[in-house]
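So you can see what is in the structure, the chains are spelled out below.
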Amino acid sequence: MRLVRSVLICFALSFPFLLAQGIKSPEAYFGHEMGADRELIDWKQIVEYFRYLDEGCNRVLVEELGQTTMGKPFLLVTITAAEDIPRLERFKEIQRLIGRAENLSPYDASALIEEGKTVVLLTLNIHATEIAASQESVELAWELATRTDQRILDILDNVILLMVPSLNPDGQQMVVDYYNETKGTESEGASFPGLYHYYAGHDNNRDLFFFNLAESRLVSRILHHDWFPEIVYDQHQMGSSSARLFVPPYQDPINPNVHPRITASVNMLGEYVASDLTDRGFTGIVTGTVFNAFFEGTMSKTPLWHNRVGILSEAASVRYATPVYHPKTSLHGMDRSLSDYQAQTNFPQPWPGGWWHLRDIIEYEKAAAYAVLDLAAMYKIRYKTTFYELNREAIEKGRTEPPYAWILPPGQHDPNAAVELLRRLRYNNIKVYRAKGPVNTGAGTVPAGSFVVPLAQANRPCIKDLMERQYYPEMRLYTGGPPIPPYDLTTWSLPLMMGVQVEAVNLPLTTALEEVDHPSWDFPPVSDDAQAYLIGRRWLGSYRLVNALLKSGQKVGSLAKPVLTKDRYFPVGSFVIPSSKKNRNTIQKAHVTYEVRLTPVSDVPESTPLKVARIAIYGPWLPSSDEGWTRYLFDNFGFDYTVLRNKDFASLGTLKRYDVIIMPSMSTSQIVDGKRSPGQKDRIGDPSMPIKYRGGIGKEGAENIKRYLLDGGTVLFFGRAGNFAIDELSAPASNVLNDVKSDDFYAPGSIFQVDLDTDSHLTYGMPATASIYFIQDPVYALMAGLKPHRETAVYGHTNTLLSGWVEGEKHLHNRVALAEVTTGKGRAILYGFRVQNRAQTWGTFKLLFNALYIED
């Protein structure tokens, strides 16, 4: 009996292993090795395999967290020791307790740290054309699910791996479909046409602090609400003709809100990966070049402001799954930190050249993932202790060092933008409160009911970084030499971008606070006997409400003369909604849905009927995230639109179907010729895009836009598209930066203050000044003419920089940032800034929206 029992016990213990041995490898399942030349698996196949793995292996749990922008399943794959899969909720609880660190003593934390595991989040394929990581995902998961060697067992015993096989499943499917369609043709390996995320394209990796996109919001649950991973590793690909793999340390500068211990831990992990791969025979590993960690909006960097380690790798690319041959002389350096392709301290063993395959990328990325997991397993106590100690330190600093809190008082110019800012903080799991009494800020007193964001929170670095202004350090190649341009944006201050008034609290908080999970303003009940309702355009939600009412057949007008009610002043341009018994209930429901204050009046004031313009957006086949974000914004605020492709501009009749045409921020050569730069030539033998995607609108299209303007149309030129208006359409303006070298002027993502012409209908709902987002955009001077032009937004004569960095600010002084130019019977509106930048600049949306209505 004892023998039988022993046999049964041994069988029970070995059954999971035996079951796992029956699981097909991806190679057996799909019929080819992952990364085989000219072979890709798509998102449907990846999902299918992970569900197969989930059913067959007790080390793996596959969850569908939600749906992507285009309705595909968004997966989270959890891998750890089989006996710990049923205990995942307990591990989540441990992470939450350590991650919040509130009222958690070092003694109790020590016990939790011992009980817990290092949680590592591995995120793959956010940029869909960087396809290797999605192919790697199934192989890495299968190996962790089935291998029984000591290396794997140590990882499983000490680590919980959270894997997101693709942060952009929609794009992954698009890219695989495009590759398969072009494989075997002259277009095999050619650039992907358009955006590989429905809205954002490459910019989906700039959304991880603002959380506009469905995918960003899903990953925020993993990062900040459910799992609090101590380590985040995000895999990417880069250009193909230099190093084979980049890993940290990052390049200078460092962000002052990132704790030095985190920077040191990032350096340690990156150097360990580089060392481990070199030990295993991988060559061409580089560190400390090109990529920095100053901006927190990317997947690999956002953890740093939450006291966690975040690293990025960048592998040399191929053309999707088509290999590339590199003669030795084709290989070159990357930047000043690797000026030549030769061995040096941060690049000890160059790759010698030759064929480079998709399989090579998978091998490098998989080896790097294992190195990260190895160190996470070896230093479990260190990583978890550091996480806890920094969270506890952040809370203590918030209690003892100013600022103690940020306050959003009532009386905001745009109340909708204010609560939206707070909701973006909530995606970061930042706690928000309302003051039960007045709060003394040290500079004055704000009233009860104000929103309060205390800094005595574990994620204090994130709060500071999002709420304060950024000051990018001046870096030069040498003393007195030219500036070193930043790698990415230099500012992301939420109050400035969103037009929200905030106050720092420089005295310890003593007022009682009430926590708020979903911030919103309180609205008084609306009168049932009003003849009309007035809405100030300062409420950004008013545009959503008006668009919804117009679509339902309700009438809306634009106030013709100012109105003063018993408690409010309504300027010209305010929305007027006539009321009746028939529509009153609809209007009252809409004001609650869109969070807009309605002011009832007993008489219908004089107004001009409004309708939404017929809107068209130029959709190029060259990737334009600016176009994609415009569509995102319109979809979210209820503006209908049509996307026009290159061929549509060949017909003036087609253009005249629309009242407003929008040209996204693109260069003249991109718009006219479909070329990334003037004079760009394809090398003989290089793949070219399919014919239907080639070129731009052409000279004929440019001429038709000009005729459309002369005949009464309106065209909005965003950012660099203003140069096209000047170069090709002879718009009566000049870009004063045209002949200025980048050494003399450079502002790659900064916020400036401008003065607004409040008589312009474009400025309805705006204050007298605005904070605008500028990324190397045109700066205008207007020309004299027979018809009036309007300088709608103008830079001041000094000190216009509010946040970020600029070289040569003098070139902006007294120049025009927004112009309304008369062109025959029509008008061109030149936006010399990013009016809707990444759908984050809520403070300037109205300058766009106001151009999209027609007064009948």
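Here goes a summary of the coordinates provided. Just so we're clear, the structure is a prediction, and the values are computed from it rather than from any experiment.

Calculation notes
- Residues numbered from 1 in each chain as written.
- Predicted model: local features only at pLDDT ≥ 70, side-chain atom pairs only at ≥ 80, totals over all residues.
- Heavy atoms only, no water.
- Helix = DSSP H or I, 4+ residues; strand = E, 2+ residues; numbered from the N terminus.
- Rg over C-alpha atoms; globule rule 2.2 N^0.38 Å.
- Buried < 20%, exposed > 50% of the residue type's maximum accessible area, 1.4 Å probe, protein only.
- Areas by Shrake-Rupley, 256 points an atom, 1.4 Å probe, with all protein chains shown as cover.
- Lys, Arg positive; Asp, Glu negative; His and termini not counted.
- Charge placed at Lys NZ, Arg CZ, Asp CG, Glu CD.
- Axes fitted to C-alpha atoms, helices over the stretch in contact; angles between N-to-C directions.
- Parallel < 35°, antiparallel > 145°, perpendicular 65-115°, else oblique.
- Left-handed = near helix turned anticlockwise from the far one by under 90°.
- Contact = heavy atoms within 4.5 Å.
- Nonpolar A, V, L, I, M, F, W, Y, C, P; charged D, E, K, R; others polar.
- Expected span 1.5 Å × (residues − 1).
- Pairing = 2+ DSSP bridges.
- Core = buried A, V, L, I, M, F, W, Y, C linked by side-chain atoms within 4.5 Å.
- Phe/Tyr/Trp six-rings, centres within 6.5 Å; stacked < 30°, edge-to-face > 60°.
- Lys NZ or Arg CZ within 6 Å of the ring centre and 35° of its normal.
- Salt bridge = Lys/Arg side-chain N within 4 Å of Asp/Glu carboxyl O.
- 1 Å grid on protein atoms, 1.4 Å probe; cavity = no way out; pocket = protein on both sides within 12 Å on 5 of 7 lines; lining within 4 Å.
- Points joined across faces, edges and corners; volume = space filled by probe spheres on them.
- Polar contact = N/O pair within 3.5 Å; in protein donor to acceptor, adjacent residues only side chain to side chain.

The next point concerns the overall build of the protein. Scanning the protein from terminus to terminus reveals 23 helices and 39 strands. Here the protein has a C-alpha radius of gyration of 29 Å; the compact-globule value for 856 residues is 29 Å, and the two agree. In terms of overall dimensions, the protein has C-alpha extents of about 95 × 70 × 60 Å along its principal axes. Of all 856 residues assigned to the protein, the portion counted as buried reaches 61%. Carbon and sulfur atoms make up 50% of the accessible area of the protein, which amounts to about 32,900 Å² in all. Considering the protein, the positive charge centre built from 86 side chains and the negative charge centre built from 96 side chains are found 4 Å apart.

This part covers the packing of helix α10 (residues 260-279) against helix α11 (residues 358-378). Between α10 and α11, whose axes approach to 9 Å, the crossing angle comes to 125 degrees. In terms of orientation, α10 lies oblique with respect to α11. Like other packed secondary-structure pairs, α10 and α11 cross with a definite hand, here right-handed. Between α10, through M268, L269, Y272, V273, D276 and L277, and α11, the contact on the second element is made entirely by Y364, A367, A368, A371, V372, D374, L375 and M378. Residue composition of the contact of α10 with α11, grouped by class: twelve nonpolar, no polar and two charged.

Given 3.6 residues per helical turn, the α-helix brings residues three or four places apart onto the same face. In a regular helix each residue adds 1.5 Å, so 13 residues correspond to 18 Å; helix α9 (residues 214-226) covers 17 Å between its end C-alpha atoms and thus fits that length. Looking only at α9, the buried set comprises E215, S216, L218, V219, S220, I222, L223 and H224. Within two residues after α9, F228 carries a phi angle of roughly 50 degrees, on the positive side.

The next subject is the sheet that holds strand β14 (residues 432-435). On the basis of which strands lie adjacent, the open sheet formed by five strands has the order β18-β13-β17-β14-β19 and antiparallel pairing. Sheet topology places β18 (503-505) and β19 (513-516) at the edges, where each strand pairs with a single neighbour. The average angle at which neighbouring strand axes cross in this sheet is 35 degrees, direction not considered. Those strands touched by helix α13 (residues 415-427) are β13 (405-408), β14, β17 (451-454) and β19, and its axis lies near 30 degrees from that of β17.

Now for the nonpolar core. The biggest cluster of nonpolar side chains holds 203 residues, and the ones touching the most others in it are Y831 and F849. Here this core takes 14 residues from α11, the largest share from any one element. Leave out the neighbours within four places in its chain, and Y831 touches L716, F717, F718, G719, L762, Y780, A817, L818, L847, L848 and A851.

Spatially, β1-β2-β4-β3-β5-β10-β6-β8 is the arrangement adopted by the eight strands of the open sheet, whose pairing is mixed. Strands with a single pairing partner mark the edges of an open sheet, and in this sheet they are β1 (60-67) and β8 (285-286). Pairing geometry for strand β6 (residues 245-246) and β8, over two bridges, is parallel. Across the sheet, the residue bridging to L245 is I285, located in β8.

A few words now on α13. With 13 residues, α13 extends 19 Å between its outermost C-alpha atoms, agreeing within 8% with the 18 Å of an ideal straight helix rising 1.5 Å per residue. Among the 13 residues of α13, twelve are classified as buried, and the element is accordingly described as predominantly covered. Of the positions making up α13, those classed as buried are P415, N416, A417, A418, V419, E420, L421, L422, R423, R424, L425 and R426.

What follows is about the packing of aromatic side chains. In the structure shown here, the tally under the stated rule is 50 aromatic pairs. With 4.7 Å between their ring centres and 70 degrees between their planes, Y198 and Y199 make a pair best called edge-to-face. The partly exposed category is assigned to Y198, whose relative accessible area is 34%. Ring geometry for W351 versus W356: centroids 5.4 Å apart, planes at 70 degrees, classification edge-to-face. W356 matches W351 in its accessibility class, with the two residues each being buried. Among the aromatic residues, those joined into a cluster by ring pairs are Y543, F575, F634, F637, F639, Y641, W842, F845, F849 and Y853. The ring centre of Y198 lies 4.9 Å from the NZ or CZ of R631, which sits over that ring. Just above the ring of W621 sits the side chain of R645; from NZ or CZ to the centre is 3.9 Å.

Summed over all chains, the structure comprises 49 salt bridges. Between R460 and E401 there is a salt bridge, and its shortest N-O distance comes to 3.8 Å. In this pair, R460 is assigned in helix α14 (residues 460-467) and E401 in the loop between α12 (380-400) and β13, connecting sequence segments 59 residues apart. A salt bridge links R423 to E595; the shortest N-O distance between them is 2.6 Å. You can see R423 sitting in helix α13 and its partner E595 sitting in the loop between α17 (584-593) and β25 (599-601), a full 172 residues away along the chain. Each of E33, E139, E143, R147, D149, R359, E363 and K366 takes part in salt bridges that share partners, so that together they form one network.

Time to look at the pairing of β17. Remember that side chains alternate between the two faces of the sheet whenever the strand is regular. Side-chain alternation along β17 places F451 and V453 on one buried face and V452 and P454 on a second face that is also buried. Both β13 and β17 contribute to a ladder of four bridges, which runs antiparallel. Bridge assignment links L408 to a residue of β17, and that residue is F451. In this structure, β14 lies alongside β17, joined through two bridges in antiparallel fashion. Across the sheet, residue Y433 finds its bridge partner in β17, namely V452.

Right, let's talk about the side chain of T441 for a bit. For T441, the location among the structural elements is in the loop between β15 (439-440) and β16 (445-446). A residue is classified by how much of its surface remains accessible, and T441, at 0% relative accessible area, is buried. Residues within four places of T441 in sequence aside, it is in contact with V446, E503, A504, V505, N506 and L507.

Turning to empty space enclosed by the protein, a few remarks are in order. Gaps between atoms show up when a probe of the same size as a water molecule is rolled over them. According to the stated counting rule, one finds three cavities of 30 Å³ or more in the structure shown. In this model, the largest cavity occupies a volume close to 80 Å³. Lining the largest cavity, in full, are G99, R100, H224, F228, H306, R308, F387, N391, N428, N429, A458 and N459. For the lining of the largest cavity, the secondary-structure elements that each account for two or more residues are α4 (88-100) and α12. Looking at the lining of the largest cavity residue by residue, the class counts come to three nonpolar, seven polar and two charged. As a volume, the second largest cavity reaches approximately 70 Å³. Lining of the second largest cavity is provided by I126, L167, H197, N204, L208, L213, E215, S216, V219 and M299. Classifying every residue of the lining of the second largest cavity gives six nonpolar, three polar and one charged.

To continue, consider the side chain of S313. With respect to the helices and strands, the residue S313 is situated in strand β10 (residues 309-316). A polar side-chain atom of S313 sits 2.8 Å from a polar atom in the side chain of Y233. Those residues within four positions of S313 in sequence are excluded, and the remaining contacts are Y233, D234, Q235, H236, L245, F246 and V247.

What follows is about the pairing of β10. Taken across its eight residues, β10 has eight buried, putting it largely inside the fold. Taking every second residue as pointing to the same face, both faces of β10 are buried, with V309, I311, S313 and A315 on one and G310, L312, E314 and A316 on the other. Relative to β10, strand β5 (residues 231-238) is paired through eight bridges, and the arrangement is parallel. For Q237, the partnering residue across the bridge sits in β10 and is A315.

It is worth spelling out the environment of Y594 at this point. Along the chain, Y594 falls in the loop between α17 and β25. Of the residues examined, Y594 reaches a relative accessible area of 26% and is grouped as partly exposed. Taking the C-alpha atoms as reference points, Y594 and K561, separated by 33 residues in sequence, lie 25 Å from one another. Dropping the residues within four chain positions of it, Y594 is found in contact with N416, G541, R544, L545 and A548.

Geometric values such as these leave the question of function open.
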